[in-house]
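Examining the three-dimensional arrangement
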Amino acid sequence: GIVQSQVDQIVKRGTTALGLNQQRFAATTDAILNQGKELIPVVSKYSGILGKTQGNLDAVKSGFGENMPDYNKYIYFTRTFVPYAAGEMMRALGVNASDTQKELYQRVINPISWDTNPKQAMENYNEMVKLFKETVSKTVAKGSAQIRSELRGNNKTSDPLGIR
């Protein structure tokens with residue numbers, strides 16, 4: 001039936017269950033990152049010396065019960081959104097995450113880095129998003145058969161290691 005034809009399509013493409021999960025995680029992560037774009041201007045407002053000062057003032061006001069919508073968005077972004085998005089990126093990478101990617105992940109999700117140097121933390125976050133969108137997301141979104149086909153197409157010299 002329908003299930004068997006879907007299984008046949010998966011087998012024909014050469015995609016494994018792990019590959020399908022990684023594709024799903026990549027698609028989910030892309031959607032999450034797109035949602036986060038709207039928060040970037042607000043979060044960027046707290047970068048630099050003046051932004052850090054404004055963040056401290058807003059934190060004090062918030063502590064006294066004053067509603068600070070931009071500060072609340074900053075806290076949401078740095079304490080909830082970023083760790084969640086970074087976690088989804090790591091899930092998309094699966095066991096293939098490099099030590100450098102893991103280190104970048106740790107720097108991005110550390111709330112202390114957002115409090116002490118929001119500008120650098122934002123640069124780390126943007127670098128992680130860029131890395132994901134330009135490399136991982138595009139590769140993971142493809143089926144393994146498509147990747148093999150592209151590799152074969154690029155292998156015109158039949159020298160896969162580039163030794164010749």
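Our structure's up above, just so we're on the same page.
If you trace the backbone, serine 47 turns up in the loop between helix H3 (40-44) and helix H4 (48-63). With 69 residues separating them along the chain, serine 47 and threonine 116 place their C-alpha atoms 9.9 Å apart. Once residues within four sequence positions are removed from consideration, serine 47 is found in contact with Lys52, Pro118 and Lys119.

Time to look at the nonpolar core. Counting 31 residues, the largest nonpolar core has Leu33, Phe77, Phe81, Val82, Trp114 and Tyr125 as its most contacted members. Of all elements in the fold, only helix H2 (17-36), helix H5 (69-93), helix H6 (99-109) and helix H8 (118-140) reach the threshold of two or more residues within this core. At 11 residues, the largest contribution of residues to this core is made by H5. Those residues in contact with phenylalanine 77 that lie beyond four places of it in its chain are Gly36, Leu39, Ile40, Val43, Val82, Pro83, Trp114, Met122 and Tyr125.

Now for the side chain of aspartate 58. In this fold, aspartate 58 is placed in helix H4. The charged side chain of aspartate 58 is buried without a salt bridge, its nearest counter-charge being lysine 61 at 4.6 Å. The residues contacting aspartate 58, other than those within four sequence positions of it, are Tyr46, Met68 and Tyr71.

On inspection of all chains with the given rule, the structure shows 7 aromatic pairs. Geometrically, the ring pair formed by tyrosine 46 and tyrosine 71 is edge-to-face, given 6.2 Å between the ring centres and 80° between the ring planes. Highlighted residues: tyrosine 46 in the loop between H3 and H4 and tyrosine 71 in helix H5, separated in sequence by 25 residues. On the basis of relative accessibility, which here comes to 2%, the residue tyrosine 46 falls in the buried class. Consider the rings of tyrosine 76 and phenylalanine 81, whose centres lie 6.5 Å apart with planes at 45°: the pair is tilted. Tyrosine 76 gets classed as partly exposed once you look at its relative accessible area, which sits at 40%.

Residue placement: alanine 26 occurs in helix H2. For alanine 26, a relative accessible area of 1% corresponds to the buried category.

What follows covers the side chain of serine 113. Following the sequence through the fold, serine 113 ends up in helix H7 (residues 111-116). Here the side chain of serine 113 touches arginine 107 through a polar contact of 3.1 Å, landing on its backbone oxygen. Sequence-distant contacts of serine 113, defined by excluding residues within four places in its chain, comprise Arg107, Pro118 and Ala121.

A word on the pattern of salt bridges. Under the definition given, this model contains 3 salt bridges. The partner of aspartate 70 in a salt bridge is lysine 45, and the shortest N-O contact between them spans 2.6 Å. Of this pair, aspartate 70 sits in helix H5 while lysine 45 sits in the loop between H3 and H4, and the two are 25 residues apart along the sequence. What makes aspartate 70 partly exposed here is its relative accessible area of 25%. A salt bridge links arginine 79 to aspartate 115, with the nearest nitrogen and oxygen atoms 2.7 Å apart. A residue pair is termed long-range when its members are at least 10 positions apart, and arginine 79 in helix H5 and aspartate 115 in helix H7 qualify at 36 residues.

The rules behind these values
- Once a new chain begins, its residue numbering starts again from 1 and follows that chain's sequence as written.
- It should be noted that, the model being predicted, local features are given only for residues of pLDDT at least 70 and side-chain atom pairs only at 80 or more, the latter also being counted only at that level, while totals for whole chains, interfaces and linings use all residues.
- With hydrogens and water set aside, each side-chain value is computed from the structure's full complement of heavy atoms.
- Where helices and strands are cited, they refer to DSSP runs of H or I of at least four residues and of E of at least two residues respectively, numbered from the N terminus.
- Any two residues having at least one pair of non-hydrogen atoms within 4.5 Å are treated as being in contact.
- Residues grouped as a nonpolar core are buried Ala, Val, Leu, Ile, Met, Phe, Trp, Tyr and Cys residues, joined through side-chain atoms within 4.5 Å.
- Three labels apply to residues, based on accessible area from a 1.4 Å probe with only protein chains included: buried if under 20% of the type maximum, exposed if over 50%, partly exposed otherwise in between.
- His is not counted here, nor are the chain ends, while Lys and Arg score as positive and Asp and Glu score as negative.
- Only one rule defines a salt bridge in this text: a Lys or Arg side-chain nitrogen within 4 Å of an Asp or Glu carboxyl oxygen.
- Stacked, tilted and edge-to-face pairs are distinguished by plane angle, under 30 degrees for stacked and over 60 for edge-to-face with tilted covering the rest, among Phe, Tyr and Trp rings (Trp via its six-membered ring) whose centres lie within 6.5 Å.
- Polar contacts, as used here, are pairs of N or O atoms within 3.5 Å; protein pairs need one atom able to donate a hydrogen and one able to accept it. Residues neighboring in sequence count only if both atoms are side-chain atoms.

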